[in-house]
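An overview of the molecular structure
Given next are the chains, with one letter for each unit.
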Amino acid sequence: MVFINHERIHLRQQIELLVIPFYVLYCVEFIVRLVQYRNWRNAYLAISFEKEAYFNEKNLDYIESRSFYGFKDYF
Ligand SMILES: [Zn+2]
């Protein structure tokens, strides 16, 4: 259920960014974090979209209470 909620949060992020820009931003931020951390796993975990999803995945009501562009608080 936590895994499903994690993916639901990503789905909401994608809808807000009209899908394609989500993947562009995701990749750009991953590259920036990779330069910053020089470690694949840490770079992945530092992506704002992932931080929002991991931080809130255990809160099954998060999607309902989440603000628009909620990932911006995790930059
Ligand atoms: Zn994720």
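Residues numbered from 1 in each chain as written. Predicted model: local features only at pLDDT ≥ 70, side-chain atom pairs only at ≥ 80, totals over all residues.

1. Side note on the overall build of the protein
In terms of regular secondary structure, the protein is built from 5 helices and 0 strands. Rg of the C-alpha trace for the protein: 12 Å, near the compact-globule value of 11 Å for 75 residues, within the 12% margin. Taking the principal axes of its C-alpha atoms as reference, the protein extends roughly 35 × 25 × 20 Å. A separation of at least 24 residues holds for 49% of the contacts in the protein among residues at least 6 apart in sequence. (Helix = DSSP H or I, 4+ residues; strand = E, 2+ residues; numbered from the N terminus. Rg over C-alpha atoms; globule rule 2.2 N^0.38 Å. Contact = placed C-beta atoms within 7 Å.)

2. A look at the packing of helix α1 (residues 2-16) against helix α4 (residues 48-56)
Across the interface, α1 lies against α4 with an axial gap of 9 Å and an inter-helix angle of 140 degrees. By the criterion of interaxial angle, the relationship of α1 to α4 is oblique. Relative to α4, the crossing made by α1 is right-handed. Along the contact surface, α1 presents His-6, Ile-9, His-10 and Gln-13, while α4 presents Phe-49, Glu-52, Ala-53 and Asn-56. In the contact of α1 with α4, the residues fall into 3 nonpolar, 4 polar and 1 charged. (Axes fitted to C-alpha atoms, helices over the stretch in contact; angles between N-to-C directions. Parallel < 35°, antiparallel > 145°, perpendicular 65-115°, else oblique. Left-handed = near helix turned anticlockwise from the far one by under 90°. Nonpolar A, V, L, I, M, F, W, Y, C, P; charged D, E, K, R; others polar.)

3. A word on helix α2 (residues 20-37)
In this model α2 runs 26 Å from its N-terminal to its C-terminal C-alpha over 18 residues, within 8% of the 26 Å that 1.5 Å per residue would give. Where α2 terminates, the next one or two residues include Arg-38, which has phi positive at roughly 55 degrees. (Expected span 1.5 Å × (residues − 1).)

4. Re the environment of Phe-22
Of note, Phe-22 is situated in helix α2. Measuring from C-alpha to C-alpha, the distance between Phe-22 and Leu-11 comes to 9.9 Å, with 11 residues separating the pair along the chain. Apart from residues lying up to four places away in sequence, Phe-22 is in contact with Gln-13, Gln-14 and Leu-17.

5. Considerations on unusual backbone geometry
Phi at Leu-18 takes a positive value of approximately 60 degrees, unusual for a residue other than glycine. With respect to the helices and strands, the residue Leu-18 is situated in the loop between α1 and α2. We note that Val-19 has phi near 65 degrees; this positive angle belongs to a residue other than glycine. Within the secondary structure, Val-19 is located in the loop between α1 and α2.

6. Digging into the environment of Tyr-74
Along the polypeptide, Tyr-74 turns up in the segment after α5 (62-65). C-alpha of Tyr-74 to C-alpha of Phe-49: the two residues are 25 residues apart in sequence and 7.6 Å apart in space. For Tyr-74, the residues in contact, after removing those within four places along its chain, are Ser-48, Lys-51 and Glu-52.

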